[in-house]
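# What the coordinates show
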Amino acid sequence: MIKDVPRVSGTPIEAVFIEKIADVYRAMSFDVDIQSFNFIGWELLEPPQIVEIDSGREVFAERVMWSGSTPEGGIEGFVKHRGKFRPWWVGTRYRVNKYAIVGDRDENLGYLLEDHAHGSLPSPMHDMPYMSVSKADLERWRGRDRPVRVHASVSTRFLLGAETANVIATKKGKRDDEIIVCAHHDTVLTNWDVIGVVDNGSGVVGVMKVAEKLMNMETEKTIRFISFAARRIQHGRQPVLYRHEGREGRAGPDKSRYQPR
Amino acid sequence: MRDEKDELDRIKAVINLDDVYDSFREFFIVAPDNFYKNLIQKILERPEVKENKFAKVRFGDSNAADDWPFRERTIPAMLFLQEGPEEFGGFKDLNETYIPRTADFVVALIEEIDSMS
């Protein structure tokens, strides 16, 4: 299943996947808790569209998760380089060129991020529109004598109260001290045909392999194998979500709330 | 009443696996401090682990993966990641050998941490 379908947090298919992860750990005889929580979801209503005004040429643009919408009718302005953008991201070296679409008073109307392949912003609820454009197009624009003028539009929506769940499998040790081995199971949202095998089906399977190897081993400390949800939604600050309450008797996520939106 | 501080105090280490699909590119590791960095290096130098030919190892920093919120709360949290932006989120077959040997490495790390008081 990891190779078949994307598992975006809050979707019905993710709910199925959560159960399947739980089943794998149950089969290894671990105690399993499915820990439901709400998060702020995000949805693309209309994909980005960018057109060069002079040539009428349509430029390929990708969505950037957490982007706001352009006003009805889109925005129109000149493209100007605005330095580097550091996404909320692993590593310290990753930066992308940031361009603004600026209006007649040099005000920023929206942003273009260069090849922002992973496509997300540092936090939810941006009201400014962001779009990802290829390096080739942006460099072509930068190389011109005069700034290029574009028309751009994108429509997005924030979803309050979306629901998902972490899966927590526990191997009791002699002591209450804990070691956590974790990975996120949800799939990134981009324009691509993304499944999420690498990011992060590989980590989920890696944690399962660790569990399998430790299954019959006695440990001093309690080991928790956690499959986190909403990693790619990026609102999930896991220690806050990692709660022990309701460990007993929790029935699991309410599937009826996992409806397509 | 649930005491969140006590719960967090009980967590002695966090090991986060994020993109562990092949050994051809850089193996990016975040260690919370020099103690854990040395411990990880020591395990990577073990003959049985070294034979697994992990990719070039680079230690660095991160504020974005699932380990970060733990580290923010001074819980020793580690990240193991195969870096390479063009593959992020894309489809690649799971490497059938890399994941198990990553698991072997993590088990060795857990055994070390488990033996600590």
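Residues numbered from 1 in each chain as written. Chains lettered and ligands numbered in written order. Predicted model: local features only at pLDDT ≥ 70, side-chain atom pairs only at ≥ 80, totals over all residues.

This part takes up the overall build of chain B. Along its length, chain B carries 5 helices and 4 strands. Walking chain B from its N terminus toward its C terminus, one meets helices and strands in the order α-β-β-α-α-β-α-β-α. Per-residue burial for chain B yields a buried fraction of 39% across its 117 residues. Here the analysis covers contacts within chain B between residues at least 6 apart in sequence; of these, 84% occur between residues at least 24 apart. (Helix = DSSP H or I, 4+ residues; strand = E, 2+ residues; numbered from the N terminus. Buried ≥ 20, exposed ≤ 12 C-beta atoms within 10 Å, placed from the backbone. Contact = placed C-beta atoms within 7 Å.)

Further remarks concern the overall build of chain A. Helix and strand counts for chain A stand at 4 helices and 10 strands. Its helices and strands in sequence order give chain A the pattern α-β-β-β-β-β-β-β-α-β-β-α-β-α, from N to C terminus. For chain A, the proportion of its 261 residues judged to be buried stands at 49%. For chain A, the share of sequence-separated contacts (at least 6 apart) that also reach a separation of at least 24 residues comes to 74%.

Residue and element names in this part refer to chain A. Counting buried residues in strand E6 (residues 108–114) gives 5 out of 7 residues, a clear majority hidden from the surface. Where strand E5 (residues 96–102) and E6 come together, 5 bridges link them in antiparallel fashion. Paired with Ile101 across the bridge in E6 is Gly110. Remark: 5 residues form the turn of the hairpin made by E5 and E6, two consecutive strands paired antiparallel; Asp106 in that turn has positive phi of roughly 65 degrees. Of the pairings in the sheet, the one linking E6 to strand E7 (residues 130–133) comprises 4 bridges and is parallel in character. Its bridge partner lying in E7, Leu113 is registered against Ser132. (Pairing = 2+ DSSP bridges.)

What follows deals with the nonpolar core. Val181 and Val207 of chain A together with Val14 and Met78 of chain B are the most contacted members of the largest nonpolar core, which has 68 residues in total. With 9 residues, helix H3 (residues 197–214) of chain A is the largest single contributor of residues to this core. Setting aside its immediate chain neighbours within four residues, Met78 of chain B contacts Val14, Ile15, Asn16, Ile29, Val30, Ala31, Pro32, Tyr36 and Asp67 of chain B. Counting 24 residues, the second largest nonpolar core, distinct from the first, contains Val79, Ile101, Leu112 and Val133 of chain A. (Core = buried A, V, L, I, M, F, W, Y, C linked by C-beta atoms within 7 Å.)

Attention now moves to the confidence of the model for chain A. On average, residues of chain A score 80 in pLDDT, and 78% of them are at 70 or above. Across residues 234–261 of chain A the pLDDT falls below 50, and counting only partners more than four positions away or on other chains, this stretch makes 46 contacts in the model. (pLDDT = per-residue confidence, 0-100.)

Before going further, it helps to spend a moment on unusual backbone geometry. Of note, Ser29 of chain A is a non-glycine position whose phi angle comes to about 65 degrees, a positive value. With respect to the helices and strands, the residue Ser29 of chain A is situated in the loop between helix H1 (12–27) and strand E1 (31–52).

Residue and element names in this part refer to chain B. For strand E4 (residues 77–82), a buried count of 6 out of 6 residues is recorded, marking the element as mostly surrounded by other parts of the structure. Burial of E4 is two-sided: the residues Ala77, Leu79 and Leu81 facing one way and the residues Met78, Phe80 and Gln82 facing the other way are all buried. Judged from the 5 bridges that link them, strand E1 (residues 11–18) and E4 form a sheet pairing that is parallel. Pairing of Val14 across the sheet is with Ala77, part of E4.

Attention shifts here to the packing of H3 of chain A against helix H5 (residues 98–114) of chain B. Relative to each other, H3 of chain A and H5 of chain B sit at 55 degrees, their axes nearing to 8 Å. The angle between H3 of chain A and H5 of chain B falls in the class oblique. Our pair here, H3 of chain A against H5 of chain B, has a crossing hand that is right-handed. Judged by residue contacts, Ser202, Val205, Gly206, Lys209, Val210, Lys213 and Leu214 of chain A of H3 of chain A engage Ile99, Pro100, Thr102, Ala103, Val106, Val107 and Ile110 of chain B from H5 of chain B. For the contact of H3 of chain A with H5 of chain B, a count of residues per class yields 9 nonpolar, 3 polar and 2 charged. (Axes fitted to C-alpha atoms, helices over the stretch in contact; angles between N-to-C directions. Parallel < 35°, antiparallel > 145°, perpendicular 65-115°, else oblique. Left-handed = near helix turned anticlockwise from the far one by under 90°. Nonpolar A, V, L, I, M, F, W, Y, C, P; charged D, E, K, R; others polar.)

Residues and elements named next belong to chain B. Relative to the helices and strands, Thr74 is located in the loop between helix H4 (68–72) and E4. On the basis of neighbour counts, which here come to 10 C-beta atoms within 10 Å, the residue Thr74 falls in the exposed class. Taking C-alpha positions, Thr74 is 8.5 Å from Pro32, a pair spaced 42 residues apart along the chain.

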